[in-house]
Amino acid sequence: MGRTTGEPPGQILTRRRAMTAFAAFTCGSGLLSACTSAPQRKAAATIGRCGSSTPPAAVARVAPPGSAPPGSAPPLNVYAYISPGMTNPKWGRDPSRVYVPNSLSNTVSEIDPATYKVTRTFPVGAEPNHVTPSWDGAVLWVNDTAGNSLTPVNPVTGRPGRPVPVEDPYNLYFTPDGQHALVMAEALNRIDFRDPVTMRLRHSMRIPTAGVNHLDFTADGQYALASCEFSGSVVWIELGARRVVGKLTLGMSMSAPMTAPGPGYAMPQDVRLSADGKLFYVADMAANGVWLLGTHQSKPLGFLHTGAGTHGFEVARDGRRLFVSNRGEGSVSVIDMTVNRVVGKWRIPGGGSPDMGGISADGKVMWWGGRYNGVVYAMSTVDGRLLAKIPVGSGPHGLCVFPQPGRYSLGHTGNFR
């Protein structure tokens, strides 16, 4: 949940206060960088590594098995490079860790995925909401929303550096060419284009609807679709022109975070492009399912019911399955992206609140922050079996699994391509 906007100052809720109020409601009811210059290289060296913006030649394109006849061009698979064993060598030898931002504790916990144990917890700025790998994997950025800063973490040592002042960083993305960092300044109704290494502001783009917070990019990298949580809508963005070119209202906006969802309401959350690049999936926490939207302005192409409080996405290493967290009912749904159909649902024993997360490099384990339960869930990607429930801080949100396969990071908690 998040902050309301467009209200008198005395009525504005911070994301932290709103989350606490909504947690009480749901629990009580049972409902729910490119490094192109010497100055940039020097800046990156103080917090991590800096690599070339050129994808490594060792990474080869892989099409979905059995999807193309001999002699024909394979169909597009935007996730072809996230298969096991295809990790960019620039970060492939980094120690494997799960980084958990505890949004109500103002800390980050680090988990060893081999032992399911917390190995380190350190303080960061106020209200950390996501941990985001930089485009080149040189640094992990902790999004300190209320602290108005990004805290860099060195993925080699796992230790934090000096916070960088940035206004309202609820979420963070990188353009596919690595030339810009996109800070989702949700409370300010804008997306800030920044230098991907120094985070210096280059351009602020106003968003005409409230609550912009998640997005993904078209296969050609020219457009993006962003969800706007507090207005029940999404917007299409032309990145080169830095302008909004379309808007679609999915339903009535929620008047307050503790208002119970109902028919006709919308609260769009995570966004992810389909493997074939033909449509976007948009999680809707109020509508309790996933919208299928065209990559350009259009009416909804479909809607898939998944479960109460539909919130986050993780893409399987085969590029075929999309795992969907249903935060309001403690379950994970499975969508087959080849046919756009829900093919399974796995419930967390005893209930829970799976939020955002990532998948292990070998593709066998999916990790979710338990937003209202102060734990992290490790679950099998084969049958949904709960492998571990790990206590962390309060309000664990957008955790990051790193390193992961891929050529570069598009941001969020690790959307690699």
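Residues numbered from 1 in each chain as written. Predicted model: local features only at pLDDT ≥ 70, side-chain atom pairs only at ≥ 80, totals over all residues. Heavy atoms only, no water.

1. Some thoughts on the packing of aromatic side chains
In step 1: For the structure shown, the criterion picks out seven aromatic pairs.
In step 2: A centroid spacing of 5.9 Å and a plane angle of 50° characterise the contact between Trp-91 and Phe-416, whose relative ring orientation is tilted. You can see Trp-91 sitting in the loop between helix 2 (38-45) and strand 1 (97-102) and its partner Phe-416 sitting in the segment after strand 28 (400-402), a full 325 residues away along the chain.
In step 3: A residue is classified by how much of its surface remains accessible, and Phe-416, at 3% relative accessible area, is buried.
In step 4: For the pair Phe-323 and Trp-346, a centre-to-centre distance of 6.0 Å together with 35° between the ring planes defines the contact as tilted. With Phe-323 in strand 21 (residues 321-326) and Trp-346 in strand 23 (residues 341-347), this pair connects stretches of sequence that are 23 residues apart. When sorted by exposure, Phe-323 lands in the same class as Trp-346, which is buried.
In step 5: Here the aromatic residues Trp-91, Phe-402 and Phe-416 are joined through ring pairs into a cluster of three or more. (Phe/Tyr/Trp six-rings, centres within 6.5 Å; stacked < 30°, edge-to-face > 60°. Helix = DSSP H or I, 4+ residues; strand = E, 2+ residues; numbered from the N terminus. Buried < 20%, exposed > 50% of the residue type's maximum accessible area, 1.4 Å probe, protein only.)

2. Notes on the confidence of the model for the protein
In step 1: Of the residues in the protein, 81% reach a pLDDT of 70 or more, and the chain-wide mean stands at 86.
In step 2: Here residues 1-14 is a poorly scored stretch, pLDDT under 50, and it has 41 contacts once near neighbours within four places are set aside; other chains count.
In step 3: For residues 20-68, every residue scores under 50 in pLDDT, and the model assigns this stretch 98 contacts once sequence neighbours within four places are set aside. (pLDDT = per-residue confidence, 0-100. Contact = heavy atoms within 4.5 Å.)

3. Things to note about the sheet that holds strand 11 (residues 201-206)
Strands in a sheet are paired, the pairing made by backbone hydrogen bonds, and the direction either parallel or antiparallel.
In step 1: Spatially, 8-9-10-11 is the arrangement adopted by the four strands of the open sheet, whose pairing is antiparallel. The open sheet is flanked by strand 8 (171-174) and strand 11, the only strands paired with a single partner. Here the average twist between neighbouring strands, direction ignored, is 25°.
In step 2: Inspection of the sheet shows strand 10 (residues 190-194) paired to strand 11 by five bridges, in the antiparallel sense. Looking at the pairing, Phe-193 lines up with His-203 of strand 11. (Pairing = 2+ DSSP bridges. Axes fitted to C-alpha atoms, helices over the stretch in contact; angles between N-to-C directions.)

4. Things to note about the sheet that holds strand 25 (residues 365-370)
In step 1: Spatially, four strands are ordered 24-25-26-27 in an open sheet, and the strand pairing comes out antiparallel. The sheet is open, and its two borders are formed by strand 24 (354-359) and strand 27 (386-391), each paired with just one other strand. Ignoring which end each strand starts from, the neighbouring axes of this sheet average 20° apart.
In step 2: One ladder, built from five bridges, connects strand 26 (residues 375-380) with strand 27; its direction is antiparallel. Bridge pairing links Val-376 to Ile-390 in strand 27.

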